[in-house]
Amino acid sequence: MAQINFGGTVEEVVTREEFPLEKAREVLANETIAVIGYGVQGPGQGLNMRDNGFNVIVGQRKGKTYDKAIADGWVPGETLFEIEEALEKGTIICFLLSDAAQIELWPTVKKYLTAGKSLYFSHGFGVTYNDQTGIVPPADVDVFLVAPKGSGTSLRRLFVEGKGLNSSFAVFQNATGEARTKCIAMGIGVGSGYLFETDFYREVTSDLTGERGTLMGAIQGIFAAQYEVLRENGHSPSEAFNETVEELTQSLMPLVAENGMDWMYANCSTTAQRGALDWWKPFKEATKPVFQQLYNSVKSGEQANISITRNSQPDYREKLEVELAELRDSEMWQAGAAVRSLRPERN
Ligand SMILES: NC(=O)c1ccc[n+]([C@@H]2O[C@H](COP(=O)([O-])OP(=O)(O)OC[C@H]3O[C@@H](n4cnc5c(N)ncnc54)[C@H](O)[C@@H]3O)[C@@H](O)[C@H]2O)c1
Ligand SMILES: CC(C)(O)[C@@H](O)C(=O)O
Ligand SMILES: [Mg+2]
Ligand SMILES: [Mg+2]
């Protein structure tokens, strides 16, 4: 594995150079990879593996999503099956249902996990919180995860563009002695740019924190707070939206992605730099207690419990949609829709 210095701590990562696609294909040559669930990660990982030359089938219950799989080129009876049939045929079972739905399907999945098969996750959730999920794999199967660090939509888009998201990987159970090699081969197969090693507990606790924090929850919170202050002080919606979101996503974050925060700062005025350097610390002080509270809630299993309870309700999708609509219909994101429609490349 390549030794990389991450800001003073040396970590090992697996790159495509040392574990090329050819090697991944060899390792998994005799496997039938069954992608169970075709929501967000299912299509991203399934299509990337198919395009990478792996033997992939999809197991999805009938309905809109099954039809989407057909539209994506999966063929009923050949590469697309009802879930149980795919579970039977698969030798590597990719359990890509939502974390809450995995609980309901677990007794069925378990039935088909015969000795020597592999159980693959993209999250440490089910196994780590097994006191709440009941997911305890049989001892004679390999259990591992590859967790792409981003949406399945981006996983697919970046793959098509010849790029790659990074993913973490972890082995929970090595029954055959080959679990780690198979896991890395899967990571390369799904289109990861590089892979860093973790364990199931650290994957789920960091992931739940990240998505509730800066990646999704905190960012919306901080946007909403600044937008409101600007509006309450007489600024127009377009001005407030541009100074809160549009400039960040269109101009400044791409610079951060390219070369880091200091480089983005250095490409702004010295006036902006002075202010940003003065203000980031008060923002950090104000929010750190909330992040600590969030981490404690993840660590205690409370966040898993909320997620399971709420996302197991029969109408959870409709309820999520109501809350998403609330965001979409807010003045800030309506202003956002108008701003997006004015981007020259949209015309
Ligand atoms: N969404 C992402 O981009 C993302 C990123 C990294 C990791 N993950 C992890 O990947 C896994 C899959 O997540 P997802 O967001 O792709 O899932 P999802 O919520 O999109 O659901 C996937 C599939 O589950 C099926 N499903 C739901 N309930 C079912 C039931 N009761 N019986 C049978 N099928 C059912 C749906 O039809 C859908 O095809 C999860 O462990 C998640 O934490 C997701
Ligand atoms: C894409 C995310 C947020 O990284 C993932 O963790 C998820 O749960 O969807
Ligand atoms: Mg997540
Ligand atoms: Mg994540």
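Residues numbered from 1 in each chain as written. Chains lettered and ligands numbered in written order. Predicted model: local features only at pLDDT ≥ 70, side-chain atom pairs only at ≥ 80, totals over all residues. Heavy atoms only, no water.

A. Quick look at the nonpolar core. If you look at the biggest cluster of nonpolar residues, it comprises 31 residues, and the most contacted ones within it are Ile33, Met49, Trp74, Tyr120, Val146 and Met186. Of the residues forming this core, the biggest block, six residues, is contributed by helix α9 (residues 179-189). Residue contacts for tryptophan 74: discarding those within four places in its chain leaves Tyr38, Gly46, Leu47, Arg50, Val56, Val58, Ala69, Thr79 and Leu80. If you look at the next biggest cluster of nonpolar residues, it comprises 25 residues, including Ala34, Leu97, Trp106 and Phe200. (Core = buried A, V, L, I, M, F, W, Y, C linked by side-chain atoms within 4.5 Å. Buried < 20%, exposed > 50% of the residue type's maximum accessible area, 1.4 Å probe, protein only. Helix = DSSP H or I, 4+ residues; strand = E, 2+ residues; numbered from the N terminus. Contact = heavy atoms within 4.5 Å.)

B. Highlighting the site of ligand 2. Close to ligand 2 lie Gly150, Ser151, Asp207, Glu211 and Met216. Contact distances for ligand 2 include 2.9 Å between an oxygen atom and a side-chain N or O atom of aspartate 207. Contact between ligand 2 and glutamate 211: an oxygen atom at 2.8 Å from a side-chain N or O atom of the residue. Its residues assigned to classes, the shell around ligand 2 comprises one nonpolar, two polar and two charged. (Near = heavy atom within 4 Å. Polar contact = N/O pair within 3.5 Å; in protein donor to acceptor, adjacent residues only side chain to side chain. Nonpolar A, V, L, I, M, F, W, Y, C, P; charged D, E, K, R; others polar.)

C. Structural view of the packing of helix α11 (residues 217-232) against helix α12 (residues 237-259). Across the interface, α11 lies against α12 with an axial gap of 8 Å and an inter-helix angle of 155°. Of the possible angle classes, the one that applies to α11 and α12 is roughly antiparallel. Pair α11 / α12 crosses with right-handed handedness. Two secondary-structure elements touch here, α11 through Phe223, Gln226, Tyr227, Leu230 and Arg231 and α12 through Pro237, Ala240, Phe241, Glu243, Thr244, Val245 and Leu248. Partitioning the contact of α11 with α12 into residue classes produces eight nonpolar, two polar and two charged. (Axes fitted to C-alpha atoms, helices over the stretch in contact; angles between N-to-C directions. Parallel < 35°, antiparallel > 145°, perpendicular 65-115°, else oblique. Left-handed = near helix turned anticlockwise from the far one by under 90°.)

D. Expanded view of the pattern of salt bridges. Tallying each qualifying case throughout the model produces 18 salt bridges. Aspartate 51 is paired through a salt bridge with arginine 156; the nearest N and O atoms lie 2.9 Å apart. You can see aspartate 51 sitting in helix α2 (residues 41-51) and its partner arginine 156 sitting in helix α8 (residues 152-160), a full 105 residues away along the chain. By relative accessible area, which is 43% here, aspartate 51 ends up partly exposed. Ionic pairing is found between aspartate 72 and lysine 68, a salt bridge with its closest N-O pair at 3.2 Å. Overall, aspartate 72 belongs to the partly exposed group, its relative accessible area being 23%. (Salt bridge = Lys/Arg side-chain N within 4 Å of Asp/Glu carboxyl O.)

E. Spatial organisation of the coordination of the magnesium ion (ligand 3). Around the magnesium ion (ligand 3), the protein supplies Asp207 (OD) and Glu211 (OE) as donor atoms, at distances of 2.0 to 2.1 Å. Separating the magnesium ion (ligand 3) and the magnesium ion (ligand 4) is a distance of 3.7 Å, and aspartate 207 donates to both of them. In this pair, aspartate 207 and glutamate 211 are both assigned in helix α10 (residues 200-212), four residues apart and thus about one turn of the helix distant. Overall, the relative accessible area of 25% leaves glutamate 211 in the partly exposed class. (Donors = N, O, S within 2.8 Å, 3.2 Å for Na, K, Ca; no water.)

F. Focus on the environment of proline 137. By the secondary structure assignment, proline 137 is in the loop between α7 (130-133) and β8 (142-148). As for proline 137 and alanine 218, which are separated by 81 residues in sequence, their C-alpha atoms are 35 Å apart. Beyond its immediate sequence surroundings of up to four residues, proline 137 is in contact with Trp106, Leu119, Val127, Val143, Phe172 and Gln173.

G. Structural detail: the domain arrangement of the protein chain. The domains assigned to the protein chain are domain 1 (2-199) and domain 2 (211-346). With centres defined by C-alpha atoms, the gap from domain 1 to domain 2 works out at 30 Å. On the domain 2 side, the residues contacting the seven residues of domain 1 number nine residues. Taken together, both faces of the contact between domain 1 and domain 2 bury some 620 Å²; the carbon and sulfur share is 62%. It is Ala100, Tyr129 and Gln132 that lose the most area in domain 1 upon contact with domain 2, and together they represent 64% of the buried surface on that side. (Domains from an automatic or database assignment. Buried area = accessible area lost by both parts, 1.4 Å probe.)

H. Summary view of a nonpolar patch on the surface. Residues Ile4, Phe6 and Tyr194 make up a contiguous nonpolar surface patch of about 230 Å² in total accessible area. When you line up the elements, isoleucine 4 lands in strand β1 (residues 2-6). (Patch = residues over 30% accessible without salt bridge, like charges linked within 9 Å, V, L, I, M, F, W, Y side chains within 5 Å. Areas by Shrake-Rupley, 256 points an atom, 1.4 Å probe, with all protein chains shown as cover.)

I. Quick peek at α9. Within α9, nine of the eleven residues are buried, which leaves the element mostly enclosed by the surrounding structure. Turning to α9, its buried residues number three or more, namely Ala179, Lys182, Cys183, Ile184, Ala185, Met186, Gly187, Ile188 and Gly189. One or two positions beyond α9, positive phi appears at glycine 191, with a value near 100°.

J. A look at the site of ligand 1. Taken together, 23 residues lie around ligand 1, and Tyr38, Gln41, Gln60, Asp99 and Gly152 are the ones closest in. Within the backbone of valine 40, an N or O atom sits 3.2 Å from an oxygen atom of ligand 1. In this structure, an oxygen atom belonging to ligand 1 sits 2.8 Å away from a side-chain N or O atom of glutamine 60. Taken by itself ligand 1 offers 830 Å² of open surface, and the protein chains cover 83% of this. A per-class count over the shell around ligand 1 returns seven nonpolar, twelve polar and four charged.

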